[in-house]
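# Summary of structural features
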Amino acid sequence: MSDIKIERVFPFGSREINYELYYQDRKTLGIKVYPDCKVRVTAPKNTSDDQLLKKLKEKAPWIIKQQNEFLSYHPLTPPRQYVNGETHLYLGRRYKLKVEPSNNNEVKLYGGRLVVFKKDNYTVESLLNQWYRQKAKHIFQETLINVLPLFHHYQINEPELHIKNMPTRWGSCTPHGKVILNPELIKAPKGSIEYVIIHELCHLVHHNHTKVFYALQEKMMPDWKKWKERLEFILNS
Ligand SMILES: [Zn+2]
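Residues numbered from 1 in each chain as written. Predicted model: local features only at pLDDT ≥ 70, side-chain atom pairs only at ≥ 80, totals over all residues. Heavy atoms only, no water.

## Quick notes on the coordination of the zinc ion
- The coordination sphere of the zinc ion contains the protein donors H199 (NE2), H203 (NE2) and H209 (NE2), at a distance range of 2.0 Å.
- On the primary sequence, the residues serving as donors to the zinc ion are separated as H-x3-H-x5-H. Of this pair, H199 and H203 are both found in helix 3 (residues 190-205), four residues apart, which corresponds to roughly one turn of the helix. (Donors = N, O, S within 2.8 Å, 3.2 Å for Na, K, Ca; no water. Helix = DSSP H or I, 4+ residues; strand = E, 2+ residues; numbered from the N terminus.)

Right under this line is the structure:
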């Protein structure tokens, strides 16, 4: 890109959309939203301001939606307090926490909220972690079963799945075919969970990170980079 970057602001409703504008030798106008919420517009050289604004207005709801989605992975989350109104991640989405005193301990997702019913003497944190772990167990196993048929040419046995907190990794595997996953992974989108499991299954075929390994991973999940990227945002949140 040998073009000059022009910084602009587009007012939309009560919001402002900041964007970088580039004029290029191209036929159509392109708009991209990046994980850091930056908006980049590439326009054909002869685009008039009117045409540009019309297109931006049309695309503004989509831009905001993308930004909100990326924002939910932003590494700006303060330490968890486990109080009403705080947001918590589950399968790549943020849910507002609601704490309800109750005679039973239970965690439920409903009405777009993560509701923790709790007895006295129990902490929201422990109930929530228990719930995450239970969901992790179930969903990881289900995902493993779903992706396993992709590997049917490679003669790997169905691996034993283990869940273990690991400070610096999402998954690992043993040469004997055990796959170990971090329960925190349940906070990531399903695609990212699939990516980690596929990555580990590829290791059961190639026990390394060589070119053949990556070729296999690419074959099994052509869009793995996107899901890996999303995971990296979660890691920091
Ligand atoms: Zn690996």
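Still to come is the rest of the account.
## Some words on the sheet that holds strand 5 (residues 87-90)
- One open sheet accounts for four strands, arranged 5-6-8-7; its pairing is mixed. Either end of the sheet is taken by a strand with one partner, and the two such strands are strand 5 and strand 7 (106-110). Mean inter-strand twist for the sheet, computed between neighbouring axes without regard to direction, equals 35 degrees.
- Strands in contact with helix 2 (residues 124-147) are strand 5, strand 6 (93-101), strand 7 and strand 8 (113-118); relative to strand 8, the strand with the most contacts, it is inclined by about 120 degrees. (Pairing = 2+ DSSP bridges. Axes fitted to C-alpha atoms, helices over the stretch in contact; angles between N-to-C directions. Contact = heavy atoms within 4.5 Å.)

## Some words on the sheet that holds strand 9 (residues 160-163)
- The three strands are arranged 9-11-10 in an open sheet whose pairing can be described as mixed. On the outer flanks of this sheet lie strand 9 and strand 10 (171-173), each paired with one strand and no other. Strand after strand, the sheet turns through a mean of 20 degrees between neighbouring axes, direction not considered.
- Sitting on the sheet, helix 2 is in contact with strand 9 and strand 11 (178-181), with an inclination near 155 degrees to strand 9.

## What to know about the packing of helix 2 against helix 3
- The contact between helix 2 and helix 3 brings their axes to 10 Å, and the two run at 60 degrees. Once helix 2 is placed against helix 3, the crossing between them reads as right-handed. Each of I139, F140, E142, T143, L144 and V147 in helix 2 lies in contact with helix 3, whose residues at this interface are K190, I193, E194, I197, I198 and L201.
- For the contact of helix 2 with helix 3, the class distribution of residues is eight nonpolar, one polar and three charged. (Left-handed = near helix turned anticlockwise from the far one by under 90°. Nonpolar A, V, L, I, M, F, W, Y, C, P; charged D, E, K, R; others polar.)

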